[in-house]
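Understanding the architecture of this molecule
The lines below spell out each chain.
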Amino acid sequence: MITLKSAREIELMRRAGKITAAARALAGEMVKPGVTTREIDKAVYRFIKSQGAEPSFLNYNGYPASVCVSVNDEIIHGIPGDRVLCEGDIVSVDVGAYIGGFHGDCAATYACGTISAEAQRLIDVTRQSFFEGIQYAREGCRVSDIGHAVQEYVERNGFSVVREYVGHGVGRNMHESPEIPNYGKGGHGPKLLRGMTIAVEPMVNAGTAAIRQMPDGWTVKTADGKYAAHYENTLLITAGEPELLTVPAP
Ligand code: MF3
Ligand code: CO
């Protein structure tokens, strides 16, 4: 069932989204050589709690941290720990915050110091693929129009889209209907209606789309060892342009 949010619920989603986006920005600013991924997790935890919110990810299906930190060939769900970030790494940060009964969910990939031109292009194409996709996040479009636009843009730029993980509705639960794949033909799936809140989140590999699940039960890597990037915002479907509830930093 796809829920439509009332004006009051949308106000609560805005509050959750603001805290979530600020937590992402904080994590992104911490991406520097010498920092451990655990330090980022601790800071995000403290920030979310300081806002009176709860980290959505902590204990979600047993997930042990407040943030996912995925480095280089790690696509998503990297668990923070002793890993020390190095110059040239690309670091995907994914975070959720829960307050007032609603979740925000967002992610982005950050450069650690100076990175290669090709790694920067991967980050830029991934971010832009989100914006290509959400041109179809409008009342009357269908869910698969979003993924079709994401895939077209990513593949036109020589990269590939992960199939096994998808975007999703978001609200009282972090993962709600509908699923929002980042690939496929347009014109399929549920029609988008104002009041729906969704997370659109392209995961883009520099090489092939194939993935490898790590034995920790969480971390997902590229099968070919090439880099991957991730970009996600929570957004509201309106009568016109979608409203980004996790507003990206300028
Ligand atoms: N934020 C992820 C998503 O976008 C989910 C994270 S899984 C968790 O759907 F276990 F880390 F919470
Ligand atoms: Co998500």
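The residue numbering used here restarts from 1 in each chain and proceeds along that chain's sequence as written. To label them, take the chains in the order written and letter them from A, then take the ligands in the order written and number them from 1. In view of the model being predicted, local features appear only for residues whose pLDDT reaches at least 70, and side-chain atom pairs are presented and counted only at 80 or more, with totals across whole chains, interfaces and linings using the full set of residues. Only heavy atoms go into the side-chain values, all of them from the structure, while hydrogens and water stay out.

**Concerning the sheet that holds strand E3 (residues 74-76)**
Hydrogen bonds along the backbone pair up the strands of a sheet, which may run parallel or antiparallel. Pairing between strands is defined by DSSP: at least two bridges between the two strands are required. Only DSSP runs of H or I covering at least 4 residues are called helices, and only runs of E covering at least 2 are called strands; the numbering of each starts at the N terminus. Read across the open sheet, the three strands follow the order E3-E12-E11; overall the sheet is antiparallel. Strand pairing shows two members of the sheet lacking a second neighbour, E3 and strand E11 (211-213), which therefore form its edges. Strand-to-strand, the axes of this sheet are offset by a mean angle of 40°, without reference to chain direction. Across three bridges, E11 lies against strand E12 (residues 220-222) in antiparallel orientation. By the bridge assignment for E12, Gln213 is matched with Val220. For helices, the fitted line uses only the C-alpha atoms of the stretch in contact; every axis is such a line through C-alpha atoms, and the angle between N-to-C directions lies from 0 to 180 degrees.

**Points about helix H2 (residues 37-50)**
In a regular helix each residue adds 1.5 Å, so 14 residues correspond to 20 Å; H2 covers 20 Å between its end C-alpha atoms and thus fits that length. Relative accessibility under 20% of the residue-type maximum defines a buried residue, over 50% an exposed one, and the middle range a partly exposed one, all with a 1.4 Å probe and only protein chains included. What H2 keeps buried is the set Thr37, Ile40, Asp41, Ala43, Val44 and Ile48. With its buried residues spanning 165° around the axis, H2 presents them on a single face. Away from its buried face, by an angle of more than 90 degrees, H2 presents the exposed residues Arg46 and Ser50. Contact definition: two residues touch when any of their heavy atoms are within 4.5 Å. Here the buried face of H2 lies against helix H1 (7-30), strand E1 (54-55), strand E2 (67-71) and strand E4 (90-99). Expected span of a helix, by definition, is 1.5 Å for each gap between consecutive residues, and there is one gap fewer than residues. In this description, the arc belongs to the directions extending from the helix axis to the C-beta atoms.

**Remarks on the site of ligand 1**
Taken together, 13 residues lie near ligand 1, and Phe57, Asp94, Asp105, His175 and Glu201 sit nearest. At 3.1 Å from an oxygen atom of ligand 1 is found a side-chain nitrogen or oxygen belonging to His168. Within 3.5 Å is the distance limit for a polar contact, defined as a pair of N or O atoms, with the added protein rule that one can donate a hydrogen and the other accept it, and that residues adjacent in sequence qualify only through two side-chain atoms. Separating an oxygen atom of ligand 1 from a side-chain N or O atom of Glu201 is a distance of 2.8 Å. Residues belonging to the shell around ligand 1 are distributed by class as follows: six nonpolar, three polar and four charged. When we say a residue is near a molecule or strand, we mean one of its heavy atoms is within 4 Å of it. Amino acids outside the nonpolar list (Ala, Val, Leu, Ile, Met, Phe, Trp, Tyr, Cys, Pro) and the charged list (Asp, Glu, Lys, Arg) are all regarded as polar, and Gly is one of them.

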